[in-house]
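A look at the structure
Spelled out from the first residue to the last, the chains are:
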Amino acid sequence: MFKLLLFTGLLVGVYYVFFKKKALNPPSSDNSSDEAMIPCAKCGTYVQLKESFMREGKYYCSRECLEA
Ligand SMILES: [Zn+2]
């Protein structure tokens, strides 16, 4: 009986640690897409995806390129 309790406690502990760790650290794929460098569709300048401007599925480095 004691072994069963110990085993159950271990399982809960592992599950809790894994779940908490997963919640604190967002999936690495999100980080890499945030920091990905993509070329401007107008001038070819590489810009971070999160700082780029997007229109009609194309990425631009600045508002000037976007509106040109
Ligand atoms: Zn540009």
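The structure this text deals with has already been given above.
Scope of this entry: the structure provided in the associated data block.

Here is what the cut-offs are and how they apply
- Residues numbered from 1 in each chain as written.
- Predicted model: local features only at pLDDT ≥ 70, side-chain atom pairs only at ≥ 80, totals over all residues.
- Heavy atoms only, no water.
- Helix = DSSP H or I, 4+ residues; strand = E, 2+ residues; numbered from the N terminus.
- Buried < 20%, exposed > 50% of the residue type's maximum accessible area, 1.4 Å probe, protein only.
- Contact = heavy atoms within 4.5 Å.
- Areas by Shrake-Rupley, 256 points an atom, 1.4 Å probe, with all protein chains shown as cover.
- Donors = N, O, S within 2.8 Å, 3.2 Å for Na, K, Ca; no water.
- Tetrahedral: all angles 85-135°; square planar, octahedral: opposite > 155°, others 65-115°.

1. Some points on the overall build of the chain
On a plain count of helices and strands, the chain comes out with three helices and four strands. What you see in the chain, going N to C, is helices and strands ordered as α-α-β-β-β-β-α. Residues classed as buried in the chain amount to 12% of the 68 residues present. Sequence-distant contacts in the chain: of pairs separated by 6 or more residues, those separated by 24 or more amount to 4%. Accessible area for the chain stands at about 6,000 Å²; split by element, carbon and sulfur atoms hold 64% of it.

2. Observations regarding unusual backbone geometry
In this model, E56 sits at a positive phi of 55°, which is unusual for a non-glycine residue. Of note, E56 is situated in the loop between β3 (53-55) and β4 (58-60).

3. Things to note about the coordination of the zinc ion
The zinc ion binds to the protein through C40 (SG), C43 (SG), C61 (SG) and C65 (SG); the donor distances cover 2.3 Å. For the zinc ion, the four donor atoms in the first shell make angles of 105 to 114° at the metal, a pattern classed as tetrahedral. Written as a sequence motif, the donor residues of the zinc ion are C-x2-C-x17-C-x3-C. Note that C40 is positioned in the loop between β1 (37-39) and β2 (46-48) and C61 in the loop between β4 and α3 (63-67), a separation of 21 residues in sequence. C40 sits in the buried class, given a relative accessible area of 5%. Its relative accessible area of 21% is what places C61 among the partly exposed residues.

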